[in-house]
Amino acid sequence: MRPVRLSRLLFLRSLAVASLTFAVVYLLMNVWLLPQIDRDTSLRQHQIAHALAAQLEALVMRPEVAVRAISRVLVSADPWSPDAVSGLLDRLVDDNGSLSAIYALDERGRVFAVGLPASRRALRGDLTGMDFSAQALFHAAQGAPGVHWSDVALSPVSAEVAAVVAVRHGGVTLLGELSPAPLMLAVARVMDDGGLRTLLLDRRGAVIGDTAGLPAGTLPRIVDERHPDGHEHDDGSRQVSLRVGGIDMVGSSVPVSPIGWQVHVMRPRSEAFRASQTAELIMLVGLATAWIVGLVGAAIQSGYFARLFRDLSVFARGVERGRYDLAWRTSRVREFNRLAAAFQHMGQVIREREAAIVASQEALHELNQTLEARVAERTVELHRSNGELSGALETLSRTQEELVRSEKMAALGALVAGVAHELGTPLGNSLIAANTVRDQTRALRRELESGLRRSTLERYLEDAETGNAIIERNLERSAALVASFKQVAVDQSSAQRREFGLGEVVDEIVMTLRPSLRRLPFRLVTEVDASLRLDSYPGALGQVLTNLINNAVLHGLEGWDEGEVRIVGRAEDADWAVLEVTDDGCGIAPELQRRIFEPFFTSHLGKGGSGLGLPIVHSLLSNVLGGTISVDSQPGVGTTMRVRLPRIAPCTAPLVEDSAEAVAARPAA
């Protein structure tokens, strides 16, 4: 990543923080603040509409109550004359300012009395006798008792639109004209909320009255809108959007009970949400101002810190060039002062170390001046010591060769003595049998001279056959012993490489060792895979196996009344074979297991042990057979010597001198 300047990095990070803050605040304003302002405005407008609807309902109920009361008076009293009824109705109109006229209709729907305001009573004659039988309101009053209201209709008295209330009692129907002007005047006096406008609509949606002067009877286009959350009502009120006089308006519509009129309290759409728009503008201006001021401040601060780092870099370069006496100009930032103090301390430490290095170099120079003389003296001493060591090594080598030869001769003598002892028994038996046959033959010749009997001849023949069988068995045993000894002798006296069966070589070695082991109370058991064949050096392998067996008998089972030496041979894989020699004797101590393959190391020093048996085994395995040997022993449990042999021995250099003639030496552990 390409590095950037500190001032630019600080400015960019400040810009990112300021932009993130601006975005978060603007999001909160649009998600929560501005919708809350709009909801509060709509709620307030809705509350005003409810208040106006309640007031209009109260104003409407007054003429309704008056008409119902006068209808009861007319029905309950004695029959009235038309003039008397008209006078009574005139007083009712004068007492109730909301009524512009009251008509009394007979059963046929004709006017027989009219109540008018004083300014229009001259029209009573024209109105008397008018036929209202075709009016829907008249039929509604005849069809059902109670109070009935009409939609906006043209008044015959004032030639203006008016709402009519009808009440029927007995055979008289009273129609009272309710002028919307007094209602709207009362609304205008009560409500004054700058910009609010009120429409009073009948059940058809026609205008009854408008505080802004919209003509009565007009049908404005109204569209329902979803009520804001939290302001839902079950009284029929709703929020509406309408277009009046070419102006888009929004407001609340509340029904006026029980006549079914609607009160619309509205304001222009551009004015309805002016508070939230103003708040949004103020917030945007404030955020933009804060964002700009923050960026300017960030630019100033980043420049200031960049200058401090630049000065600190110059100070560090001076210390690097060896100007350790530089002084840091104290700044207003404590951390920079501490860092500069650390640089000054580092400079002092470097100065002290340079002085120490100079002193060390001087001392080293003095030491070098005397070093050559010391080296010469040490060289002379080393040559003298090397000469002494060479002589000692030659003496040690000669001693080792003599010990090896003596060990070989001792092992060979023991082997020859064992074989001679083993051969002595079958040869002696054969000699005795031959002498017996000879004596019986002489006796038979004497019998022939004096007269031979048949029984004598038959006894001689039986004895001769028995003797011949004894001689034959003993000679065969002697021949087998001689053949095995010969094969071992050939293998141990030459480095001849040949292909052989591992079981055959093991059996031959065991056969040669049995005579010497027969005097001991130990068992020798072999478990070798008969199908396992090697291409190797049987002489070296026989010497290895002989040494391992002798080592197990003489050291592992020493002092034991009984024991067992087990030889196991198996294939490890396609290229390697494993030969294990295991005894159940005393085992080897852990501290001695690391040293058993060292030359001349023995636990029987002075007792006939030379310590060359296992080193010879290790040397033959490493240098001739290409194998390895490992030991696994536990004191009191026994010892296992594990030999890994390649099935095809590697091509090695000629065997070391006398290795072809070496025979089993008495090993020492």
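From a predicted model like this one, the values you see are computed outputs, not experimental measurements. The residue count restarts for each chain, going from 1 along the sequence in the order it is written. It should be noted that, the model being predicted, local features are given only for residues of pLDDT at least 70 and side-chain atom pairs only at 80 or more, the latter also being counted only at that level, while totals for whole chains, interfaces and linings use all residues. Where side-chain values are given, they derive from all heavy atoms of the structure, hydrogens and water being excluded.

*Asks:* Run through the overall build of the chain, naming residues and quoting values.
*Replies:* Counting its regular elements, the chain contains 13 helices and 19 strands. Per-residue accessibility, obtained with a 1.4 Å probe over protein chains only, is compared with the maximum for each type, and a residue is labelled buried under 20%, exposed over 50%, and partly exposed between these values. Burial status across the chain gives 38% buried among its 669 residues. We call two residues contacting when some pair of their heavy atoms lies within 4.5 Å. Partitioning the contacts of the chain with sequence separation of at least 6, the portion at a separation of at least 24 is 64%. Accessible surface, the chain as shown: approximately 37500 Å² in total, 57% of it carbon and sulfur. Secondary structure counts use DSSP, requiring at least four H or I residues in a row for a helix and at least two E residues in a row for a strand, with both numbered from the N terminus. The protein chains shown are the only cover counted for residues, whose accessible areas, like all others here, come from Shrake-Rupley with a 1.4 Å probe.

*Asks:* Tell me about the nonpolar core, and name the residues and values.
*Replies:* Think of a nonpolar core as a cluster: buried Ala, Val, Leu, Ile, Met, Phe, Trp, Tyr and Cys residues, connected wherever their side-chain atoms sit within 4.5 Å. Counting 41 residues, the largest nonpolar core has Leu541, Leu545, Leu548, Ile549, Ile567, Leu621 and Leu625 as its most contacted members. For this core, the elements supplying multiple residues, two or more each, are helix H10 (502-517), strand S14 (522-528), helix H11 (538-556), strand S16 (563-571), strand S17 (576-583), helix H13 (613-625) and strand S19 (638-646). With 8 residues, the single largest contributor to this core is H11. Setting aside anything within four residues of it in sequence, one finds leucine 541 in contact with Phe500, Leu502, Val505, Leu534, Leu579, Leu625 and Leu645.

*Asks:* Go over the packing of H10 against H11, please, and point to the residues and values.
*Replies:* Lines fitted to C-alpha atoms define the axes, with helix axes restricted to the stretch in contact, and inter-axis angles between N-to-C directions lie between 0 and 180 degrees. One way to put it is that H10 packs onto H11 with a least axis distance of 10 Å and a crossing angle of 45 degrees. When the axis of H10 is compared with that of H11, the two are oblique. The hand of the H10/H11 crossing is right-handed. Judged by residue contacts, Leu502, Val505, Val506, Ile509, Leu513 and Leu517 of H10 engage Pro538, Leu541, Gly542, Leu545, Thr546, Ile549, Asn550 and Val553 from H11. In terms of residue class, the contact of H10 with H11 is built from 11 nonpolar, 3 polar and no charged. Any angle between 65 and 115 degrees counts as roughly perpendicular, while under 35 counts as roughly parallel, over 145 as roughly antiparallel, and the rest as oblique. Crossing handedness: left-handed means the near helix sits turned counterclockwise from the far one by under a right angle, and right-handed means the same turn made clockwise. In this count, Pro and Cys sit with the nonpolar residues alongside Ala, Val, Leu, Ile, Met, Phe, Trp and Tyr, while Asp, Glu, Lys and Arg are called charged and the others, Gly among them, polar.

*Asks:* Explain the environment of serine 100 to me, and be specific about the residues and the numbers.
*Replies:* Examined against the element boundaries, serine 100 turns out to sit in strand S1 (residues 99-105). Separated by 62 residues in sequence, serine 100 and alanine 162 place their C-alpha atoms 8.7 Å apart.

*Asks:* I'd love a proper account of the packing of aromatic side chains, names of residues and values included.
*Replies:* Think of it this way: a Phe, Tyr or Trp ring, Trp meaning its six-membered ring, pairs with another when their centres are within 6.5 Å, and the plane angle makes it stacked under 30 degrees, edge-to-face over 60, tilted otherwise. Throughout the structure, instances matching the rule amount to 1 aromatic pair. The interplanar angle of 45 degrees and the centroid separation of 5.4 Å between the aromatic rings of tyrosine 103 and phenylalanine 132 together place this pair among those described as tilted. In this pair, tyrosine 103 sits in strand S1 while phenylalanine 132 sits in the loop between helix H3 (124-127) and helix H4 (136-143), placing the two residues 29 residues apart along the sequence. Phenylalanine 132 matches tyrosine 103 in its accessibility class, with the two residues each being buried.

*Asks:* Now, about the side chain of glutamate 564: what can you tell me, with residues and values included?
*Replies:* Looking at where glutamate 564 falls in the secondary structure, it is placed in strand S16. You can call glutamate 564 buried: its relative accessible area is 17%. For this analysis, a polar contact is any N or O atom pair within 3.5 Å, provided that within protein one partner can donate a hydrogen and the other can accept it, and provided that sequence-adjacent residues contribute only side-chain to side-chain pairs. Reaching out from glutamate 564, the side chain makes a polar contact with the side chain of arginine 523 at a distance of 3.3 Å. Residues contacting glutamate 564, with those up to four places away along its chain left out, are Arg523, Val525, Leu557, Thr582, Asp583 and Asp584.

*Asks:* Describe the sheet that holds S14, with residues and values.
*Replies:* Pairing between strands is defined by DSSP: at least two bridges between the two strands are required. Spatially, 5 strands are ordered S14-S16-S17-S19-S18 in an open sheet, and the strand pairing comes out mixed. Each edge of the open sheet is held by one strand with a lone partner, namely S14 and strand S18 (628-634). Between one strand and the next, the sheet's axes are offset by a mean angle of 10 degrees, whatever the strand orientation. Note: S18 against S19, 7 bridges, orientation antiparallel. If you follow valine 631 over to S19, its bridge partner there is methionine 641.

*Asks:* I'd like a description of the packing of H11 against H13, backed by residues and values.
*Replies:* H13 packs onto H11 with a crossing angle of 155 degrees between their chain directions and a minimal axis gap of 9 Å. With respect to H13, the element H11 is oriented roughly antiparallel. In the packing of H11 onto H13, the handedness of the crossing is left-handed. Contacts between H11 and H13 involve Ala540, Leu541, Gln543, Val544, Asn547, Leu548 and Asn551 from the former and Gly613, Leu614, Ile616, Val617, Leu620, Leu621, Val624 and Leu625 from the latter. Counted by class, the contact of H11 with H13 contains 11 nonpolar, 4 polar and no charged residues.

*Asks:* Could you give an account of the confidence of the model for the chain, with specific residues and numbers?
*Replies:* pLDDT runs from 0 to 100 and stands for how confident the predictor is about each residue. Across the chain, the average pLDDT comes to 75, with 76% of residues at or above 70. Model confidence for the chain, summarised as mean pLDDT per element, is weakest for strand S9 (residues 221-225) at 63 and strongest for S17 at 93. Below a pLDDT of 50 lies the segment residues 227-232, which in the model reaches 11 contacts outside its immediate sequence neighbourhood of four places, other chains included.

*Asks:* For the pattern of salt bridges, give the residues involved together with the corresponding values.
*Replies:* As a working rule, side chains carrying opposite charge can pair if their charged atoms are close by. By definition here, a salt bridge exists when the distance from a side-chain nitrogen of Lys or Arg to a carboxyl oxygen of Asp or Glu is within 4 Å. Within the structure shown, the criterion is met by 15 salt bridges. Residue aspartate 535 pairs with arginine 497 through a salt bridge whose shortest N-O separation is 3.3 Å. One end of the pair, aspartate 535, is in strand S15 (residues 533-536); the other, arginine 497, is in the loop between helix H9 (454-492) and strand S13 (498-501), and 38 residues separate them in sequence. For arginine 533, the salt bridge identified is with glutamate 499, shortest N-O distance 3.6 Å. Of the two residues, arginine 533 is situated in strand S15 and glutamate 499 in strand S13; the sequence distance between them amounts to 34 residues. Residue classification places arginine 533 among the partly exposed residues on the basis of a relative accessible area of 39%.

*Asks:* Any details on H11? Residues and values, ideally.
*Replies:* Multiply 1.5 Å by the residue count of a helix minus one, and that product is the helix's expected span. In this model, H11 (19 residues) spans 25 Å end to end at C-alpha, consistent with the 27 Å of a helix rising 1.5 Å per residue. Within H11, 18 of the 19 residues are buried, leaving the element largely enclosed by the surrounding structure.

*Asks:* Before we move on, could you go through the pairing of S16 and cite the residues and values that matter?
*Replies:* Pairing of S14 with S16 involves 7 bridges; the strand directions are parallel. Residue arginine 523 lies in a different strand from S16, and its bridge partner there is glutamate 564. Sheet topology note: the S16/S17 ladder contains 7 bridges and is antiparallel. Looking across to S17, one finds that arginine 570 is bridged to valine 578. Between S16 and S17, which pair antiparallel and follow one another directly, the connecting turn spans 4 residues.

*Asks:* Describe a nonpolar patch on the surface, listing the residues and the values that go with them.
*Replies:* Residues Trp291, Ile292, Val296 and Ile300 make up a contiguous nonpolar surface patch of roughly 370 Å² in combined accessible area. Structurally, the position occupied by valine 296 is in helix H7 (residues 274-320). Each patch is built from salt-bridge-free residues with over 30% relative accessible area, joining like charges within 9 Å and nonpolar side chains (Val, Leu, Ile, Met, Phe, Trp, Tyr) within 5 Å.

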